[in-house]
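Structural overview for review
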Amino acid sequence: MATIRRMRFHRFGGADVIQSDQVEPSQPDAGQILVAVRAASVNPVDFKIRSGKYPAVKNDRLPYAPGRDLSGTVLACGAQATRFKPGDEVFGIVNIYGGGYSEQVVLDERAVALKPTMLDHVHAAAIPLAGQTAWQGLFRHGRLQAGQSVLIHGGTGGVGHFAIQFAKAKGARVLTTVSADNVNFARSLGADVAIDYRTQRFEDHAADLDMVFDLIDGETRERSWLLLKRGGILVSTLTPPSQETAKQHGVRATRYTVEADGAELAEIASLVAEGKMRPHLQQSFALDSAAAAMTAVEKGHTVGKIVLTVQ
Ligand SMILES: NC(=O)c1ccc[n+]([C@@H]2O[C@H](COP(=O)([O-])OP(=O)(O)OC[C@H]3O[C@@H](n4cnc5c(N)ncnc54)[C@H](OP(=O)(O)O)[C@@H]3O)[C@@H](O)[C@H]2O)c1
């Protein structure tokens, strides 16, 4: 059987543990589809898993193939997978056991949607994990409504740059913290107020908020409680916020993990088609340069997304 290229690591560590392996292609189970990956995005979770400190991936999962989302072409469908057919161009989230940094991967068909036709695979691959994280944080957990106000911390990273656009498309007032070089970019995405977090105190520019979307954690989060109105909500992608602190401030707080949801991804694809959101690509790397791409993301200053081109 012909083999395929898959980037993997056999031990936890720094970027140097990433290697290119030739492996046998997987076959789709009943509800899965096999996809020829054309592009795969790099997310912070990839280097967190690689470091060995991510709870859901331990030694028993080695060798591990990183890559939580992708865009590509359907090659085959499992016996009970009926939503797509070979040749369809799709994008979606790969489960936590990964494999996006590969020439082929299997996905649950419910985690996938048709790729927006106006995007090439490289731009489409930027969307699924970061885009759905933004969507679920704002709307599933934050219940953000038109006319409400949200402060998005880290507004020009992968998740943040989608969150600004989704919140704006919903009709919310959007405030965001960014570094000076990215103020204009944040405004171009729709932010009403872009605060340079290095030279300005965001507390001086925000008050009476309905929601804080925390993509940063630490002291940034702790300084944000007072900015929420009573009954407001702090939603975080990082460590669980203190329920006690939330109670003291008369607000709610939650932490969540993104879930794959093809129907929701199709909704996001419609916003792309309507011109209401666009992925921004900082840079693309060839699959064999996955280690360098992960190092770039690990610096923590990505503007938009970094994506691997596969074939
Ligand atoms: N729970 C989940 O399911 C889930 C899902 C996705 C992501 N996450 C986590 O959410 C976080 C954000 O993900 P991401 O993909 O957006 O990361 P990213 O693409 O690496 O973006 C990080 C952004 O944070 C900004 N930043 C750094 N320090 C800041 C500060 N003090 N104040 C404001 N902005 C600051 C950086 O901008 P500058 O260059 O301007 O500093 C950069 O644009 C990561 O830790 C990731 O692991 C969790």
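Placed above this text is the structure.
The following paragraphs examine the structure supplied in this document. (Residues numbered from 1 in each chain as written. Predicted model: local features only at pLDDT ≥ 70, side-chain atom pairs only at ≥ 80, totals over all residues. Heavy atoms only, no water.)

Comments concerning the sheet that holds strand β10 (residues 193-196)
Strands sit in the order β10-β9-β8-β11-β12-β13 across an open sheet of six strands; the sheet is parallel. The strands lining the two open edges of the sheet, one partner per strand, are β10 and β13 (252-255). Taken pair by pair, the neighbouring strands of this sheet meet at an average axis angle of 15°, ignoring direction. Bridging between strand β9 (residues 173-178) and β10 involves four bridges; their strand directions are parallel. (Pairing = 2+ DSSP bridges. Helix = DSSP H or I, 4+ residues; strand = E, 2+ residues; numbered from the N terminus. Axes fitted to C-alpha atoms, helices over the stretch in contact; angles between N-to-C directions.)

Looking at the site of the ligand
If you check the shell around the ligand, you find 25 residues, and the closest are Lys 48, Ser 179, Tyr 197, Val 258 and His 301. One of the side-chain N or O atoms of Thr 237 is found 2.9 Å from an oxygen atom in the ligand. For the ligand, the protein covers 85% of the area, taking 930 Å² as the surface of the free molecule. Those elements giving two or more residues to the shell around the ligand turn out to be α1 (44-51) and α4 (158-170). (Near = heavy atom within 4 Å. Polar contact = N/O pair within 3.5 Å; in protein donor to acceptor, adjacent residues only side chain to side chain. Areas by Shrake-Rupley, 256 points an atom, 1.4 Å probe, with all protein chains shown as cover.)

Remarks on the packing of α1 against helix α9 (residues 290-298)
The description of two helices packed together rests on the angle between their axes and the distance between the axes. Interaxial distance between α1 and α9 falls to 9 Å at its minimum, and their mutual angle equals 105°. Viewed along their axes, α1 and α9 adopt a mutual orientation that is roughly perpendicular. Together, Pro 44, Asp 46, Phe 47 and Arg 50 of α1 and Met 294, Val 297 and Glu 298 of α9 make up the contact between the two elements. When the residues that make up the contact of α1 with α9 are grouped by side-chain class, the tally is four nonpolar, no polar and three charged. (Parallel < 35°, antiparallel > 145°, perpendicular 65-115°, else oblique. Contact = heavy atoms within 4.5 Å. Nonpolar A, V, L, I, M, F, W, Y, C, P; charged D, E, K, R; others polar.)

Here's the deal with the packing of aromatic side chains
Evaluation of the coordinates by the stated rule reveals five aromatic pairs. Taking the centre distance of 5.4 Å and the plane angle of 35° together, the rings of Phe 9 and Tyr 64 count as tilted. Of this pair, Phe 9 sits in the loop between β1 (4-8) and β2 (19-23) while Tyr 64 sits in the loop between α1 and β4 (69-77), and the two are 55 residues apart along the sequence. With a relative accessible area of 2%, Tyr 64 lands in the buried category. Each ring, one from Phe 162 and one from Phe 166, has its centre 6.3 Å from the other, and the planes form 15°; the classification is stacked. Here Phe 162 pairs with Phe 166, and both are found in helix α4, just four residues apart, close to one helical turn. Overall, Phe 162 belongs to the buried group, its relative accessible area being 0%. Members of the aromatic cluster, each reached through a chain of ring pairs, are Trp 135, Phe 139, Phe 162 and Phe 166. Above the plane of the ring of Tyr 97 lies Arg 61, whose end atom (NZ or CZ) is 3.5 Å from the centre. Between Lys 170 and the ring centre of Phe 139, over which it is positioned, the NZ or CZ distance is 5.3 Å. (Phe/Tyr/Trp six-rings, centres within 6.5 Å; stacked < 30°, edge-to-face > 60°. Buried < 20%, exposed > 50% of the residue type's maximum accessible area, 1.4 Å probe, protein only. Lys NZ or Arg CZ within 6 Å of the ring centre and 35° of its normal.)

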